[in-house]
Amino acid sequence: MVLEGFAGPSYRSQSITQGSERLVNWYCEKFESGTPKTRTALYPTPGFISFATFAESPIRGLFLAGTRGFAAVGAVLYEIFSDGTKTNRGTIATNANPATFAYSGDSGGQLFITSGGQGYLFVLATNVLTNPVSAVDFAGFMDGFFLALDATTSTFKISGLLDGATWSGSQVVRRSAGSDPWKSMLVSNKEIWLIGDLTSEVWYNAGLSPFPFALNTSSFIEYGTDAAYSAVRVGGIPTWLGKSAQGRGTVLQAVGGYAAPAQIATEPVEFALQGYTTRSDAVAFGYQDQGHDFYVLTLPSANATWCYDNKTQLWHERGYWNTALAAYDAMRGMFHVSAFGKHLVGDRSTGTIYEMKTSYYTEIDGLTTGVRRQRTFPHLNQEHKMLFPSRLELDMETGNALATGQGSDPQVTLTQSVDGGRTFSNEVWATSSGAIGKYTTRVLFNRLNAGRDLVLNIVVSDPVGWRVSMAMMDVEVGTH
């Protein structure tokens, strides 16, 4: 029989005997037309190769200004080029927060950077870096003005028109619509989202004088944020780790209008988020690839990365396999930019930028080790009668092995739980996963355990393209 729900999301319930599904470093691809073999398959998340390495660390932010790439690396602003070379463009302040960037376009030719509570202006024509404003944490640009937020004093500031070097003390506003402070700022669709601790609001260019921006009075939102740097655009939609006066640890997306942003986190994702002691240092990025818009949320203190797929509206996990601890660490790539025709990500721990691509299968450490991928199946239970499985088969793409080295004989391992996902057996290897060119290989497991509530778990780690359509099992159901 076909095991229903095999190709599904992470859905690990607060009761593990109710739901124990995990999907790590795979995402779900749904087929919407024609007559595919299955409606959902598992496709691999991207692998990595080194793009640029710096003496300083860590990477604190990435940005593309027109055709020119920039990286905040430790206390240095670098310009990065398409071949991975780089040039030091000046020193910047640092603190525990990421750097943020805004660009005035070709007509302005200025790059505004916030880092370490300071605001810097880089003029692209002269390659000169200055520090025209202090007490700023977030950068933005709209309608000819650079925008900045001082999250410490909940103050919104703007530069002179088409002049990032001028910041007048009169061109500032403090929050008055809500009693909680602004913590984050995001510019999206010609609107300025000022996200507070418990509530938020949206501002727009009202053409007023002397301060041109004003609150959209219909935009007061009864949600704030748990993590200031979790707010990003995903497919053009503001998305962030939210909280309110009623609770915290959810993920919000502004698809339901100002008054009611949608809670896109499932109950198991919220259960996981709410269980983390620290969420405030979470950092997110959004990117588009293979027809999907992904929201990648990394929580360094919690050592976890969750990813939401806008297209399928399903969640999966991403992570770096820590061989010493035999567990997943949070994804190392925490900052993203689409530049030079590549998806580039910056390492949150080291001074390395990687290219991230679905046709790469190696881990972020630059070794030949493949990305470790895991799928924990839904429960297999038939009215608590004894189940006697005799064969498990994975319908997957085979024959795409490497010619030599790791990946020339790719392996799939299986662990099994007979107690509803509480404990698992030792690994069992598939009969074969297909050497290069062996496209008709059947991936079979014959050593299976009997039980009343079975949970199966497969793992792969060879650097090949693991794409899985379905799982099938021969099983006999007992009488009691």
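Residues numbered from 1 in each chain as written. Predicted model: local features only at pLDDT ≥ 70, side-chain atom pairs only at ≥ 80, totals over all residues. Heavy atoms only, no water.

## Things to note about the layout of surface pockets
The criterion, for reference: A cavity here means a set of points on a 1 Å grid, drawn over the protein atoms and nothing else, where a 1.4 Å probe fits but cannot get out; a pocket is an open set with protein on both sides within 12 Å along at least five of seven lines, and a residue lines either one if it has an atom within 4 Å of a point. Grid points are joined across faces, edges and corners, and a volume is the space filled by probe spheres set on the points. For the purposes of this entry, the term helix denotes a DSSP run of H or I that reaches at least four residues, the term strand denotes a run of E that reaches at least two, and both are numbered from the N terminus.
Put simply, the largest pocket is a space of about 1,000 Å³. In this structure, the largest pocket is lined by 37 residues; those nearest its centre are Leu62, Phe63, Phe101, Val232 and Arg233. Those elements giving two or more residues to the lining of the largest pocket turn out to be strand E6 (59–65), strand E10 (100–103), strand E14 (138–142), strand E18 (182–188), strand E23 (232–234), strand E27 (283–289) and strand E33 (333–339). No other element matches E27, which puts 6 residues into the lining of the largest pocket.

## Some words on the sheet that holds strand E12 (residues 118–123)
Basically, it comes down to this: Between any two strands, pairing holds if DSSP finds at least two bridges. As a rule, the C-alpha atoms of each element are fitted with a line to give its axis, helices using only the stretch in contact, and angles between N-to-C directions run from 0 to 180 degrees.
Across the sheet, which stays open at both edges, the 4 strands sit in the order E10-E11-E12-E13 with antiparallel pairing between neighbours. Every interior strand has two partners, whereas the edge strands, E10 and strand E13 (128–134), have only one. On average, adjacent strands in this sheet sit at an angle of 25° to one another, irrespective of strand direction. In the sheet, strand E11 (residues 110–115) pairs with E12 via 6 bridges, with the strands oriented antiparallel. When the bridges of E12 are listed, Leu111 appears paired with Phe122.

## Overview of the state of the cysteines
Covalent bonding between the sulfur atoms of two cysteines defines a disulfide. For clarity, the threshold we go by: Any two cysteine sulfur atoms within 2.5 Å of one another count as a disulfide. Note on exposure labels: buried denotes an accessible area under 20% of the residue type's maximum, exposed denotes more than 50%, and partly exposed covers the range between, all computed with a 1.4 Å probe on protein chains only.
Counted under the stated rule, the structure contains 0 disulfides. Lacking any disulfide linkage, Cys28 is separated from the closest cysteine sulfur, that of Cys307, by 11 Å. Among the residues examined, Cys28 registers a relative accessible area of 4% and is labelled buried.

## Describing unusual backbone geometry
For the bond running from Ser57 to Pro58, omega is -5°, close enough to zero to count as cis. Note that Pro58 resides in the loop between strand E5 (47–53) and E6. At the junction of Ser209 and Pro210, the peptide bond is cis and its omega measures out at 5° in the coordinates. Here Pro210 shows up in the loop between strand E20 (200–205) and strand E21 (213–215). Unlike most non-glycine residues, Ser154 shows phi in positive territory, near 55°. The topology assignment puts Ser154 in the loop between strand E15 (145–150) and strand E16 (155–158). The backbone of Ala326 sits at a positive phi, close to 55°, despite the residue not being glycine. Locating Ala326 in the fold gives a position in the loop between strand E31 (320–322) and strand E32 (327–329). Owing to a relative accessible area of 52%, Ala326 belongs among the exposed residues under this scheme.

## Overview of the sheet that holds E14
Read across the open sheet, the 4 strands follow the order E14-E15-E16-E17; overall the sheet is antiparallel. Lying at the two open borders of the sheet, with one neighbouring strand each, are E14 and strand E17 (172–174). Averaged over all pairs of adjacent strands, the angle between their axes in this sheet comes to 20°, without regard to strand direction. Here E14 runs beside E15; their pairing, made up of 5 bridges, is antiparallel. Bridging across to E15, Phe141 finds its partner in Phe146.

## Considerations on the pairing of E20
The side chains of a regular strand alternate, residue by residue, between the two faces of the sheet. Bridge count between strand E19 (residues 191–196) and E20: 4 bridges; the pairing is antiparallel. Bridge pairing links Trp193 to Val202 in E20. Counting the residues between successive antiparallel strands, the hairpin from E19 to E20 contains 3 residues. Sheet topology note: the E20/E21 ladder contains 3 bridges and is antiparallel. When the bridges of E21 are listed, Tyr204 appears paired with Ala214.

## Focus on the pairing of E6
Where burial is concerned, most of E6 is hidden: 6 out of the 7 residues are buried. In this sheet, strand E7 (residues 68–73) lies alongside E6 in antiparallel orientation, the contact comprising 6 bridges. Considered in E7, the bridge of Gly61 is made with Ala72. Joining the antiparallel neighbours E6 and E7 is a turn of 2 residues, in which Gly66 adopts a positive phi near 70°.

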